[in-house]
There are 4 protein chains.
Amino acid sequence: MRNSRSDLALEASALAGGADVPGVRMEQLRLGEMTETVVEIVDERGAGALGKPCGRYVTLESSQLHMPEPALEEIAVDRLAQTLAGMLPELGAVLVIGLGNRRITADSLGPRVVDGVLVTRHMRENTPASLKGRLRAVSAVAPGVLGVTGMETAEVVRGIVEHTRPEAVIAVDALAARETARICTTMQIADTGIQPGSGVGNHRLGLNEESLGVPVIAVGVPMVVYAATIARDALELLMEDLAPDGEEHAGALDALVDRVVARRLGDLVVTPREVDERVTRMADLLALGINRALQPRLDKDEIPALMH
Amino acid sequence: MRNSRSDLALEASALAGGADVPGVRMEQLRLGEMTETVVEIVDERGAGALGKPCGRYVTLESSQLHMPEPALEEIAVDRLAQTLAGMLPELGAVLVIGLGNRRITADSLGPRVVDGVLVTRHMRENTPASLKGRLRAVSAVAPGVLGVTGMETAEVVRGIVEHTRPEAVIAVDALAARETARICTTMQIADTGIQPGSGVGNHRLGLNEESLGVPVIAVGVPMVVYAATIARDALELLMEDLAPDGEEHAGALDALVDRVVARRLGDLVVTPREVDERVTRMADLLALGINRALQPRLDKDEIPALMH
Amino acid sequence: MRNSRSDLALEASALAGGADVPGVRMEQLRLGEMTETVVEIVDERGAGALGKPCGRYVTLESSQLHMPEPALEEIAVDRLAQTLAGMLPELGAVLVIGLGNRRITADSLGPRVVDGVLVTRHMRENTPASLKGRLRAVSAVAPGVLGVTGMETAEVVRGIVEHTRPEAVIAVDALAARETARICTTMQIADTGIQPGSGVGNHRLGLNEESLGVPVIAVGVPMVVYAATIARDALELLMEDLAPDGEEHAGALDALVDRVVARRLGDLVVTPREVDERVTRMADLLALGINRALQPRLDKDEIPALMH
Amino acid sequence: MRNSRSDLALEASALAGGADVPGVRMEQLRLGEMTETVVEIVDERGAGALGKPCGRYVTLESSQLHMPEPALEEIAVDRLAQTLAGMLPELGAVLVIGLGNRRITADSLGPRVVDGVLVTRHMRENTPASLKGRLRAVSAVAPGVLGVTGMETAEVVRGIVEHTRPEAVIAVDALAARETARICTTMQIADTGIQPGSGVGNHRLGLNEESLGVPVIAVGVPMVVYAATIARDALELLMEDLAPDGEEHAGALDALVDRVVARRLGDLVVTPREVDERVTRMADLLALGINRALQPRLDKDEIPALMH
């Protein structure tokens, strides 16, 4: 349901009842100031309960993630790189896809990450001698969105995959969360690809192993919360306050939300005023992590030196 | 109060009780698909009730204003130009100030309008013969915001006014509204200048005749609603529903909002996902209206041809 | 040869000897303040002499084209639309490709034009009733450049064409000219597609009917002159001055240019300081012309109203 | 003379005869892969010969400066910081001015540097305890250019200086050089302020201690070479080649250049195609150096963490 829409498996799992949902395994790890949570949807019971396909969803969070703090940044980038490396095939070319609309700030995460990815696939013949044998072939593209190109992202990506034949795809996208506190403080990495209807830009078709023929790793960061979610949550809190044993009000609440809230709020999103700055920062972090995962044989200093 | 913050006199007036507030006069006019409302705060009673200084506040609204519709656009630009012309001194140089932070989309209206203003003050000696005697001297600047420049906007503007001596100032700013439906559908023109604490960027000091020594016309468009306002409104609707005669709940509601909502929502704003596109469009409309008001002796076609 | 590189058939033809080159037909037409020149390369003799494939190259020029002048603009847009319409198949979907690198101003014409193209291919089911039967299916994409994506533009485009099956492609690109006066004052429309090695970004592979399987119309505007061309031209002028009958110096000049000039100037380009502004303006003109050519059944006012 | 225009004292000195010009002292220092040159114009003879006011001009150069190389970057930033620190008063507030037009890439260096300067003047009351006593008060503004604001930059800056009373000003500007090899590979720091007619944007009035009442340190990087300079240099090389003892041709050359070259090339500039990327990189370096010079009591890691 749109009113409490979340692209995070972590939130979906909490809503569905947390650790005890059948078909779902959860594990949590503390890494300095970061928390890593792995949600594993192991069968159809879990998939149904969470409204997401079977697979592994890793969440890295820190309430300070949007702040420039070198130590935290290092942990985040490193952990992102390890998680990605664990999901990718060990060898072979990788295509990074930046989903979303570059001209809508809250939806521009994917294209901005692509700007920071070290692209190497075209270097083959003229790779400098010092780099020979140390570069994984990487290509990257931001294919645009349906309303701007007139073409389904999935159509465009399928054409590119067939012609350039990567062994795996990393698809980066801006997400919608349920909790405002998660905006720009959480990264989700999933081996399931992108589902139809997910993301700030609401993809109509999926991008996953089934549709592309190669593994698709999805990487995302929540950039918005739907305003209707906020209103709904405020109402829920109030209901609890007024009638603490109010399980029976749930139906009434839904009706109320539909009547009172959804109509007025439509597609409005809640976002920090500083979203422009934060999306820039999160895009930098994701690009750093992706580069480190894809080029383990390069030093940290070599990567910026090779950027266009 | 922040929770129901509005920079629109129209909304403040509605909250305060509409047409019957002592010290406030209201008038409404239908212009095709647009509505023009004039709120005039005539004395201190009105100023107190609405939380705004005495003066004339003209609001131009249309729910279609953010859509490209040439006929509506023509009415809006024309009416904006007439309203401005009525508030400006008939002769003399005018300085247009674009308030706000260019790098925060929702706060970038002012700087973007400045980009579209026809600047002529420097042409004096080399004005083409065909334009001699037909140009009003106009300068324009986006002075930045305190957090970015380290200087109060009011300090910067005062320095510029003293050195360049305009006869009047037009100050353009992004506003906060109470109703999401007003985002990018309403323009407010006021002869009161800009008040401390107003605007999306929250000006700490005012920009008005008192501080600058020349008349200051404020022009603004709502770009955001504070998320706390949304939540509060949802709660109010619910309270009415549950307890229709609930005047007595007002205090409880305030406490609840403070406890439940404000803490979680802080400075979060609600904005349309397409805010980037809409702010571009509204900035174009405002610049067109300002140019027409300031250069009545130029044809419509001459203005774009003179733009840098 | 790079030193006198031009992507304009008009300049190549002038260099090769003008109207009398065998296998080349030229025609010139005056349209108010614009000049239209058609260069037709009819056989291999012409193709060899001009270094361009057989086909029809239409050039629209006016020294004022980069200035905002509504009357001239109307002629340019109209003539561009007619020329395109004459080269396109009468029916069927069209894909507009914006070549070049959005982040290099002088190479960003193509991506910027794509931003202004009215995209309709995705509207099918939900076309407003008033537009039914009046829209040609148009899609548009800026595929990026090899150095940024790691993929040949031709690979990416071929994949997209195979999956979305347009009947024709319009490929827009920034060009290099020989004469600085042509920067942003000339448009070239050719039914030959894009050749390897052409454009500011220097495409390594072509985009033409042979490679894509559908007709490809190329649209371009000169944005740069190579600095080596300037130096060479200055040297030539000097040689003529010093030795007016100096045909025999040509070889010496070439050697000199290679030794003296090319080494120091490399890939440096000459461009107007105002290139940012001019590329914006030319992109607007091209997008208007393309929209008019592709949507002849829409009124001029309807097109902006349908833009995203 | 415009044809061989340079804003670099180093180039002016070389043109005037190098180390032996009376009234000019030169010193050169090797710093790893960088070269530091100090040109000191000590009296009016030197000022006349170089066409620049008396003062100290420090140039830091490396042909690799535009490339991302951490070691070189560290040297450049460090040396820039030391040079600035040596020219600034030890205590007191500093205002950083970014000259030039943000919307013309080659002229946008100044505004972009301002974006990266750590601004602290407004923090006074709410400086975090851990920073108390460690922050120098810094403000920063990009005042725009005459053609865009209608106001002389000098008018605007004077107003701001009078109202905010800094102890010194750092003025950052894009420069014109004579040698294309210097574009984005050289930084000049001068204690003379900015002269009328200098910079890519050609300032009409100066910004110096005389006009502002406080010391003005100018920081600049060459972003363009005038096309006429290129052509003239090519001609000179040719003349030398054809007539090695050709001192007597100098007059003829000047006439030729005027007749042949200047008319065709006007204000055209030569710039690398990658100017957008390089200006971004140089702006980052300058901002890092300025921040380090102004905040010597902050750790390197603290500065990014304090940036807006």
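Residues numbered from 1 in each chain as written. Chains lettered and ligands numbered in written order. Predicted model: local features only at pLDDT ≥ 70, side-chain atom pairs only at ≥ 80, totals over all residues. Heavy atoms only, no water.

For chain A, the name recorded in an unreviewed UniProt entry is Germination protease, with Candidatus Avichristensenella intestinipullorum as its organism. Its UniProt record gives chain A a comment under Subunit (unreviewed entry), which states: "Homotetramer." Looking at the Catalytic activity (unreviewed entry) heading of the UniProt record, one finds this comment for chain A: "Endopeptidase action with P4 Glu or Asp, P1 preferably Glu > Asp, P1' hydrophobic and P2' Ala." (UniProt positions renumbered as here; feature names shortened; annotations may be inferred.)

Undergrad: Please provide a residue-by-residue account of the overall build of chain A, values included.
TA: The number of helices and strands found in chain A is 11 helices and nine strands. Taking contacts inside chain A between residues at least 6 apart in sequence as the whole, the part at least 24 apart equals 75%. Entry remark: accessible area of chain A is about 11,800 Å², with carbon and sulfur atoms responsible for 51%. (Helix = DSSP H or I, 4+ residues; strand = E, 2+ residues; numbered from the N terminus. Contact = heavy atoms within 4.5 Å. Areas by Shrake-Rupley, 256 points an atom, 1.4 Å probe, with all protein chains shown as cover.)

Undergrad: Any chance you could break down the pattern of salt bridges for me, citing the residues and the numbers?
TA: All names here are of chain A. With the rule as written, the count across this model stands at 56 salt bridges over all chains. One salt bridge connects Lys300 with Glu74, and the closest N-O pair in it is separated by 3.2 Å. Pair noted here: Lys300 is in the loop between α10 (275–294) and α11 (302–306) and Glu74 is in helix α3 (residues 70–87), with a separation of 226 residues, a long-range link. On the basis of relative accessible area, Lys300 is assigned to the exposed category, the value being 51%. Since its relative accessible area comes to 30%, Glu74 is described here as partly exposed. (Salt bridge = Lys/Arg side-chain N within 4 Å of Asp/Glu carboxyl O. Buried < 20%, exposed > 50% of the residue type's maximum accessible area, 1.4 Å probe, protein only.)

Undergrad: I'd love a proper account of helix α3 (residues 70–87) of chain D, names of residues and values included.
TA: For α3(D), built from 18 residues, the straight-helix expectation of 26 Å at 1.5 Å per residue is met to within 8% by its first-to-last C-alpha distance of 26 Å. Among the residues making up α3(D), those that are buried are D:Leu72, D:Ala76, D:Val77, D:Arg79, D:Leu80, D:Ala81, D:Thr83, D:Leu84 and D:Met87. (Expected span 1.5 Å × (residues − 1).)

Undergrad: Let's hear about the packing of helix α4 (residues 109–116) of chain D against helix α10 (residues 275–294) of chain D: which residues, and what values?
TA: All names here are of chain D. Where α4 contacts α10, the axes come no closer than 8 Å and their chain directions differ by 50°. Relative to α10, α4 is oriented oblique. Handedness of the crossing formed by α4 with α10: right-handed. Counted together, Leu109, Arg112, Val113 and Gly116 of α4 and Asp276, Val279, Thr280, Met282, Ala283, Leu286, Ala287, Ile290 and Asn291 of α10 form the full contact between these two elements. For the contact of α4 with α10, a count of residues per class yields eight nonpolar, three polar and two charged. (Axes fitted to C-alpha atoms, helices over the stretch in contact; angles between N-to-C directions. Parallel < 35°, antiparallel > 145°, perpendicular 65-115°, else oblique. Left-handed = near helix turned anticlockwise from the far one by under 90°. Nonpolar A, V, L, I, M, F, W, Y, C, P; charged D, E, K, R; others polar.)

Undergrad: Could you give an account of the side chain of D:Asp173, with specific residues and numbers?
TA: All names here are of chain D. Tracing the chain through its elements places Asp173 in strand β6 (residues 168–177). For Asp173, a relative accessible area of 1% translates into the label buried. Polar side-chain contacts of Asp173 include one of 2.6 Å to the side chain of His203. Those residues in contact with Asp173 that sit more than four places away from it in its chain are Leu99, Gly100, Asp107, Leu109, Ile194, Ser198, Gly199, His203, Val219, Gly220 and Val221. (Polar contact = N/O pair within 3.5 Å; in protein donor to acceptor, adjacent residues only side chain to side chain.)

Undergrad: How would you explain the pairing of strand β5 (residues 138–141) of chain C if you had to name every residue and give the values?
TA: All names here are of chain C. Side chains Val138 and Ala140 of β5 all project onto a buried face; the interleaved residues Ser139 and Val141 project onto the opposite face, where all are buried too. Judged from the four bridges that link them, strand β4 (residues 94–98) and β5 form a sheet pairing that is parallel. The partner of Val96 across the bridge, within β5, is Ala140. Between β4 and its parallel partner β5, the chain crosses via helix α4 (residues 109–116), and the hand of that crossover is right-handed. (Pairing = 2+ DSSP bridges. Right-handed = clockwise from strand over helix to strand, strands pointing away.)

Undergrad: Go over helix α3 (residues 70–87) of chain B with me, naming the residues and quoting the values.
TA: All names here are of chain B. All of the buried residues along α3 are Leu72, Ala76, Val77, Leu80, Ala81, Thr83, Leu84 and Met87. One face of α3 carries all of its buried residues, which in axial projection span an arc of 165°. Those residues of α3 that are exposed and aimed more than 90 degrees away from the buried face are Ala71 and Gly86. Looking at the buried positions of α3, the neighbouring elements they touch are β2 (34–41), β3 (55–61), β6 (168–177), β7 (186–190), β8 (216–226) and α10 (275–294). (Arc of directions from axis to C-beta.)

Undergrad: Please provide a residue-by-residue account of unusual backbone geometry, values included.
TA: The backbone phi angle of C:Arg165 is positive, close to 50°, even though this residue is not glycine. The phi dihedral of D:Cys184 falls on the positive side, at around 60°, and the residue is not glycine. Here D:Cys184 lies in the loop between β6 and β7 (186–190).

Undergrad: Kindly report on the environment of D:Gly193, identifying the contributing residues and their values.
TA: Residue and element names in this part refer to chain D. Looking at where Gly193 falls in the secondary structure, it is placed in the loop between β7 and α7 (209–212). C-alpha of Gly193 to C-alpha of Gly206: the two residues are 13 residues apart in sequence and 7.7 Å apart in space. Setting aside residues no more than four positions away along its own chain, Gly193 makes contact with Leu207, Asn208, Val216 and Ala218.

Undergrad: Hey, could you go over the side chain of C:Arg136 for me, with residue numbers and the actual values?
TA: Residue and element names in this part refer to chain C. Structurally, Arg136 can be placed in the loop between α4 and β5. Among buried Asp, Glu, Lys and Arg side chains, Arg136 stands out as unpaired, with Glu167 the closest opposite charge at 7.8 Å. Here the side chain of Arg136 touches Gly92 through a polar contact of 2.6 Å, landing on its backbone oxygen. Discounting residues that sit within four places of it in the chain, Arg136 has contacts with Pro89, Glu90, Leu91, Gly92, Val94, Thr120, Leu294 and Gln295. (Lys, Arg positive; Asp, Glu negative; His and termini not counted.)

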